[in-house]
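Listed below are the residues making up each chain.
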Amino acid sequence: TCPYLVITIAVEKFGVLSFDTAIITYFLVFTDYGFNLTATRLVSINRSNNDKVSEIFSSVITLKMALFFASFIVLSLLILIVPKFQEYSFVYLINFGMVLGQVIFPIWFFQGIEKMKIISILNVSSKILFTIGVFILVKKENDFYIVPMLSSLGSLLVGVISLFIIRLKYNIRFNFQSLGKLIFYLKDGWHIFISNISVTLYTTFTVTLLGLFTNNTIVGVYS
């Protein structure tokens with residue numbers, strides 16, 4: 001889709017989307033924290049204990065939702081304070097749906113119980129629908145906002161479907177957990193989070209710097 005988008009929405013708008021993606025990536029890593037590895041391990045170890053798996057599921061979802069709301073506050077402050085974020089604020093807000101979609105999509109649960117087929121079907125279906133949507137709906141430069149809208153809708157749809165599958169097929173229930181348990185799971189993912197955020201910084205920081213100190217066209221050309 002990248003060559004098609006560059007031609008259709010022009011380099012400047014492609015730069016807007018690239019900068020937006022770089023910013024959203026930070027929030028994706030932040031809300032993911034380190035649970036895709038630590039929670040996967042815990043679910044795998046306790047897969048025969050439904051109550052324990054429900055505890056892990058509930059704790060991780062609670063923490064990820066807390067990180068999501070913290071991220072939304074940060075994004076809102078950026079839009080209010082930083083002029084760069086104000087011109088296309090609606091794009092950042094639309095694309096932020098991807099963050100919520102990732103939060104409610106417990107890929108770590110399916111990895112832990114070794115049921116990757118479900119993840120594959122959901123992810124591939126989402127990507128196919130996104131690609132088709134881009135070619136059908138994005139026809140001119142002003143349609144650039146449709147791209148993050150499709151990404152967010154696809155992510156949210158996959159997340160909602162996965163939650164229904166977990167509840168109906170695996171009988172995993174959400175229960176509010178004690179503060180002590182939440183702190184335990186938060187500490188358990190800390191070192192993985194530091195590793196993940198470090199990788200993200202050196203892979204996306206160039207686009208972020210260009211976006212802050214140059215213009216959207218330059219970001220588009222670089223991307």
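Presented here is an overview of the structure given in this document. Along each chain, residues carry numbers from 1 onward, in the same order as the chain's sequence is written. Residue-level local features of this predicted model are given only where pLDDT is at least 70; pairs of side-chain atoms are given and counted only at 80 or more, and the full residue set underlies all totals for whole chains, interfaces and linings. Water and hydrogen atoms play no part in the side-chain values, which are based on all heavy atoms of the structure.

1. Observations concerning the side chain of serine 54
Mapped onto the elements, serine 54 comes out in helix H3 (residues 50-81). The criterion used for residue contact is that any of the two residues' heavy atoms lie within 4.5 Å. With sequence-adjacent residues up to four places away left out, serine 54 is seen in contact with Ile172 and Arg173. Going along the chain from the N terminus, every DSSP run of H or I of four or more residues is numbered as a helix, and every run of E of two or more is numbered as a strand.

2. Observations regarding the nonpolar core
Residues enter a nonpolar core if they are buried and are Ala, Val, Leu, Ile, Met, Phe, Trp, Tyr or Cys, with the set joined through side-chain atoms within 4.5 Å. Classification of residues uses two cut-offs on accessible area relative to the type maximum, computed with a 1.4 Å probe and protein chains only: under 20% is buried, over 50% is exposed, and between them is partly exposed. Counting residues in each nonpolar core, the largest one holds 32 residues, and the members touching the most others are Leu5, Ile9, Phe27, Phe96, Val99, Val138 and Phe144. Counting only elements with at least two residues in this core, the list comes to helix H1 (2-32), H3, helix H5 (89-95), helix H6 (97-104), helix H8 (116-137) and helix H9 (146-170). The element that contributes the greatest number of residues to this core is H1, accounting for twelve residues. Setting aside residues no more than four positions away along its own chain, isoleucine 9 makes contact with Phe14, Leu17, Val138, Lys140, Glu141 and Phe144. Judged by nonpolar contacts, the second largest core, of 30 residues, contains Ala39, Val53, Tyr185 and Ile197.

3. Describing the environment of threonine 40
Position of threonine 40 relative to the elements: it lies in helix H2 (residues 35-45). Take threonine 40: its relative accessible area is 15%, and that puts it in the buried class. With residues up to four places along the chain from it excluded, the contact list for threonine 40 reads Phe35, Trp108, Gln111 and Gly112. Polar contacts involving the side chain of threonine 40 include one to the main-chain carbonyl oxygen of tryptophan 108, which spans 3.4 Å. Among the polar contacts listed, one links the side chain of threonine 40 to the side chain of glutamine 111, at a separation of 3.2 Å. Whenever two N or O atoms come within 3.5 Å, that pair is a polar contact, provided that in protein one can donate a hydrogen and the other can accept it, and provided that, for residues adjacent in sequence, both atoms are side-chain atoms.

4. Here we look at H8
The end-to-end C-alpha separation of H8 is 31 Å, in line with the 32 Å expected for 22 residues at 1.5 Å each. Among all positions of H8, only Ile118, Ile119, Leu122, Ser126, Phe130, Gly133 and Val134 are buried. Projected down its long axis, H8 shows its buried positions confined to an angular sector of 125°, all on one face. For H8, exposure combined with an orientation more than 90 degrees from the buried face picks out Lys117, Lys127 and Ile136. Lining the buried residues of H8 we find H1, helix H7 (107-112) and H9. Take the residue count of a helix, subtract one, and multiply by 1.5 Å to get its expected span. Each direction from the helix axis to a C-beta atom contributes to the arc, which is the arc of those directions.

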